[in-house]
Structures are given as C-alpha cells and as structure tokens.
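What the coordinates show
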Amino acid sequence: MLKWLLTIAVVVIVLGLLAPRLRQGAPARRLPGDVSVRWRGRDYFFPFTTTILLSLLFFAISRLL
C-alpha cells in the first residue's frame, strides 16, 4: 500500500511540473479534481483525478493480461 501511495505522489509531482510544457499549443483538458495553482508568478498543475483514473486504467489492463 505504501509503495502505491509513494508512486502516485511522485507521478502527481512530475506531471504537475511537466504539465505547462505539455499543454503548450494544446487546449487545456482538465477533470474536476485536477488542481491548478498560481504561486509567485508560476502556474503549478496537480492532476489528482487524472492520475487516479490512469492508475485504475493501467491496473485494469494489467489484470486482464
């Protein structure tokens, strides 16, 4: 259980840091649980809902294989 929590935390942080670069030129597609924060002139994006849904999707796929 602890490994999953650490993995999700790391993924959320990495995606939050990379999201502004990945979103350039693309329309913003956010789910209701994704958090966007502006702090000291920078935008930080924390995709909590997206991470949970992707984790569930990959889990379901891995169970089928």
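Our subject is the structure listed above.
Residues numbered from 1 in each chain as written. Predicted model: local features only at pLDDT ≥ 70, side-chain atom pairs only at ≥ 80, totals over all residues. Heavy atoms only, no water.

1. Details of the overall build of the chain
To keep things clear, this is the line we draw: Helix and strand assignments follow DSSP, with helices taken as H or I runs no shorter than four residues and strands as E runs no shorter than two, numbered in order from the N terminus. Whether a residue is buried, partly exposed or exposed follows from its accessible area with a 1.4 Å probe, protein chains only, as a fraction of its type maximum: under 20%, in between, or over 50%, in that order. Contacts were defined at the residue level, with two residues in contact if any of their heavy atoms lie within 4.5 Å. Areas reported here follow the Shrake-Rupley algorithm with a probe of radius 1.4 Å; residue values treat only the protein chains shown as occluding.
Tallying secondary structure elements over the chain gives two helices and two strands in all. Listing every helix and strand of the chain by position from the N terminus yields α-β-β-α. Counting all 65 residues of the chain, 11% fall into the buried class. For the chain, restricting intrachain contacts to residue pairs at least 6 apart in sequence, the fraction spanning at least 24 positions comes to 35%. When the accessible surface of the chain is summed, it comes to about 5,600 Å², and 70% of that surface belongs to carbon and sulfur atoms.

2. What about the pattern of salt bridges?
Defined as follows: Here, a salt bridge means any Lys or Arg side-chain nitrogen found within 4 Å of an Asp or Glu carboxyl oxygen.
A full pass over the atoms with the stated rule returns one salt bridge. Close ionic contact of arginine 38 with aspartate 43 constitutes a salt bridge, the shortest N to O distance being 2.8 Å. Overall, aspartate 43 belongs to the partly exposed group, its relative accessible area being 39%.

3. Side note on the pairing of strand β1 (residues 35-39)
Filter applied, for reference: Two strands are said to pair when DSSP picks up at least two bridges between them.
Bridge analysis of β1 against strand β2 (residues 42-46) gives five bridges, and the strand direction is antiparallel. Looking across to β2, one finds that valine 37 is bridged to tyrosine 44. In this antiparallel pair of consecutive strands, β1 and β2, the connection spans two residues, and arginine 40 shows a positive phi of 55°.

4. A few points about a nonpolar patch on the surface
The condition that has to hold: The residues that make up patches have over 30% relative accessible area and no salt bridge, and they are joined within 9 Å when like-charged or within 5 Å when they are Val, Leu, Ile, Met, Phe, Trp or Tyr.
Where nonpolar side chains cluster on the molecular surface, the patch consists of Leu54, Leu57, Phe58, Ile61 and Leu65 and spans about 550 Å² of accessible area. Note on placement: leucine 54 falls in helix α2 (residues 48-64). Among the residues examined, leucine 54 registers a relative accessible area of 36% and is labelled partly exposed.

5. A look at the side chain of threonine 51
Among the secondary structure elements, threonine 51 is positioned in helix α2. Setting aside anything within four residues of it in sequence, one finds threonine 51 in contact with Ile8, Val11, Val12 and Leu15.

6. Side note on unusual backbone geometry
Residue arginine 40 is not a glycine yet carries a positive backbone phi of 55°. Its place among the elements puts arginine 40 in the loop between β1 and β2.

Treat this as a map of the structure, not an account of what it does.
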